[in-house]
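# Secondary and tertiary structure notes
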Amino acid sequence: MKTRRRKGPRSTHLCGLAAVLALVACASEPEPMTSAMASRAMATAAPIDLAVACPASHQIGRNPSAGACPAAPDGRWKRSRVFQHSGASELTSFCVYDWQDNTTAPRVDRLPPGGWLSPECLSVTPYSHPYATRNAALLEAAFMAQIEAVALSPSPYPASKVVVVDTAVDGGFPNGDDGRSDHGRAVGAVVRNLACPSFGAGGGGCLADVATELATPMRDDGVQFRPDPAAGGFVGRPSDIAAAIHDGLHRALSGPPGAPIIINLSLGWDRRWGGSREPGAPPLSASLDAVHAALEEASCYGALVIAAAGNAPGGPDAEAGAAFPASWEREPAPVTARCLALGAPAPATGSATYRPLLYAISAVDGADEPLANERRGGRARLVAPGGHVTVSQAPSYRSETYSGSSMSAAATSAAAAAVWAYRPSLNAHEIMRVVFDSAVPLSGDSEVCLGGPPCADGVRRVSVCRAVAAACLASGACIAPVCGPLNPGRNLRPTGLDTSQPVATPYTFTGTVAHLPPAPCQSLVFGTDPTVLVNPCPERQYLSRYAVPYAVPQPPEVGCPNCMVKAGTLYIGISNDVDGVFTDPVLRVVRDDVEKTYALDGVGELKAGATIEVDVGSIEWDGVTKASIDFVHDGEWSTSDPLTLE
């Protein structure tokens, strides 16, 4: 049994809740913006240190001659290929050069000539946020009920191979590995617990074998980001994703033949930093092009790729559109000529007419409502439960709890793995047709689909029970489970949440709650080209110091991972394991599809372990479908935490 590593300072844990506080009733109409509100509304990101963000010591490019990576004139540049199993194909032209001499500045003039190499920035992050909770068993039961988990019959066919490309370090089938961040291990646990005959069994008869591939090797040591392949980190570069997809694919292919392959991507990068391949869009950078090529190669080999649609990071303005690579669902799967150019076999044909490059997955809560941190304009055709998800992990503990599309993608991978283990004659797109057709129809329109919106298929919530029942009835290879009545929109939010934990750090709130008018949008950040400034308005106002070329888990490091509203009381508990100071909490409430924002003026500075109870009974909570709370962290950026509502 592997020893679980202690997570670094950017993971978060639950702290206690308590201390009864007074509150002045909020205004029913918008109030004039005070100087404190204006200061908060106009907060912008700290300047980006390009020398750290896009280090000259790490260069990436695509050899324009389409040949192998040439040696650098200076031997202190270590060359490597992004794709280690590429053979004699186009993939051999993706090259990385790392400067090995720590005593001198990198000699960029001693790289291979031609101007085709450039620094690669950090831009990859997991798509959930973690915390430990006393309510773990309650939240786990709610998640299992919402995804309609069932005990499964053994299959006479090989188990599906699920490759979790995430924060966990490289680990072979069937169990994968751990990492500095628990995110990757939790994603794998969701797959195992849903795709095994008995939940949490961890072996013996599972319909999915799980392996992990590290895509976020970079950790922040307080000075700069450094790679740590032994324990992993919290962010990565696009080329790290590309290599992990490629390596995971070939790890699965090297096993017993005939096993279906699923690649789970519960991570990605913000779409404003590049990825669009629509007419008129600039060409992809070499690092993003490498990710796209890796996805094409996986599709050619018949692998099913499932990607989290991403989460909004908070701040006064909403994110727009699905993140990448999930947004590439609008592109078709590669054709035979493209597959041969990549050194891959011709793609399998079949009856499915919907054949995208990959499948994006969005998240819903226990009432089938979009999460409070869903990205505006980024709702996928398929959604799955993703609010406050916690799952048991062998041998003796539960995962931290996550709210985001990461867990939704993992649940969908599990459903697909189970179906495929019963129906191995189907190809990836036919499997997803089974999952989609058996899913529960919801109201609303999807915004991410093959060819782009308008999308004709609507939105459906994945059901493990219904997907497995459809597979069993069609194949006869298993006993079809009996599923409950079709009831879209049923309320399975957890109830009876425990708020009685003793006070960790009492704090007296003496301020007011006031309706906050919309903020002006006026911040400039760097795009994928670090020499060009981009105006992000009206997309997002607050930006992390990790804004491009950095990115952090989506939403960023959470200040209050266990925020909840129960009986008219807002419970705020700042995580025990975060650094810095959280200020300017802002409550966002959605009622009748209208969002109102309330500023908690007078809270002051909140640090690790601080706990608050705030009476918010003067706000109309009947009919509220979702709510979240933002903070400004160290005066630089905001976080967004979906609330549990009871």
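Residues numbered from 1 in each chain as written. Predicted model: local features only at pLDDT ≥ 70, side-chain atom pairs only at ≥ 80, totals over all residues. Heavy atoms only, no water.

### Some details on the environment of R433
Structurally, the position occupied by R433 is in helix α9 (residues 428–438). As a C-alpha pair, R433 and Y354 span 79 residues in sequence and 8.0 Å in three-dimensional space. With residues up to four places along the chain from it excluded, the contact list for R433 reads Y354 and R381. (Helix = DSSP H or I, 4+ residues; strand = E, 2+ residues; numbered from the N terminus. Contact = heavy atoms within 4.5 Å.)

### Some thoughts on the pairing of strand β13 (residues 304–308)
The buried count for β13 comes to 5 of 5 residues, which makes it a mostly enclosed element. Taking every second residue as pointing to the same face, both faces of β13 are buried, with L304, I306 and A308 on one and V305 and A307 on the other. Bridging between strand β11 (residues 261–265) and β13 involves 4 bridges; their strand directions are parallel. Residue pairing for β13: N264 is matched across the bridge by I306. Pairing of β13 with strand β14 (residues 359–364), which is carried by 3 bridges, proceeds in the parallel orientation. By the bridge assignment for β14, I306 is matched with Y359. (Buried < 20%, exposed > 50% of the residue type's maximum accessible area, 1.4 Å probe, protein only. Pairing = 2+ DSSP bridges.)

### Observations regarding the sheet that holds strand β28 (residues 611–615)
Read across the sheet, 4 strands follow the order β28-β25-β24-β31 without closing on themselves; strand pairing throughout is mixed. What marks the edges here is a single partner per strand, and that holds for β28 and β31 (644–645).

### Some words on the packing of aromatic side chains
By the definition in use, this model includes 7 aromatic pairs. Plain terms: the ring middles of W269 and F324 are 6.3 Å apart, the flat faces sit at 20° to each other, and that makes the pair stacked. Of this pair, W269 sits in the loop between β12 (267–268) and α6 (286–300) while F324 sits in the loop between β13 and α7 (336–341); the two residues are 55 residues apart in sequence, bridging distant segments of the chain. Overall, the relative accessible area of 3% leaves F324 in the buried class. Note on W269 and W328: the rings are 5.8 Å apart at their centroids and 75° apart in plane angle, and the pair reads as edge-to-face. With W269 in the loop between β12 and α6 and W328 in the loop between β13 and α7, this pair connects stretches of sequence that are 59 residues apart. (Phe/Tyr/Trp six-rings, centres within 6.5 Å; stacked < 30°, edge-to-face > 60°.)

### Structural notes on the pattern of salt bridges
One pass over the structure, following the stated rule, counts 24 salt bridges. The partner of E90 in a salt bridge is R338, with the nearest N and O atoms 2.8 Å apart. Separated by 248 residues along the polypeptide, E90 in the loop between β2 (77–81) and β3 (94–99) and R338 in helix α7 bring together distant segments of the chain. Here R338 and E296 are joined by a salt bridge, their closest N and O atoms 2.9 Å apart. Highlighted residues: R338 in helix α7 and E296 in helix α6, separated in sequence by 42 residues. According to the relative accessible area criterion, R338 is partly exposed, its value standing at 22%. Taken together, the shared-partner salt bridges in this structure form one network comprising R62, E90, D289, E296 and R338. (Salt bridge = Lys/Arg side-chain N within 4 Å of Asp/Glu carboxyl O.)

### Remarks on the nonpolar core
Ranked by size, the top nonpolar core spans 61 residues in total, and within it L194 and L304 carry the most contacts. For this core, the element with the highest residue contribution is helix α8 (residues 405–422), accounting for 13 residues. With near-sequence residues (within four places) excluded, L304 lies in contact with I261, I262, I263, Y359, A416, W420, A428 and M432. One finds A243, L267, F324 and A360 within the second-largest nonpolar core, a separate group that totals 44 residues. (Core = buried A, V, L, I, M, F, W, Y, C linked by side-chain atoms within 4.5 Å.)

Limitation: the analysis is restricted to geometry and does not speak to function.
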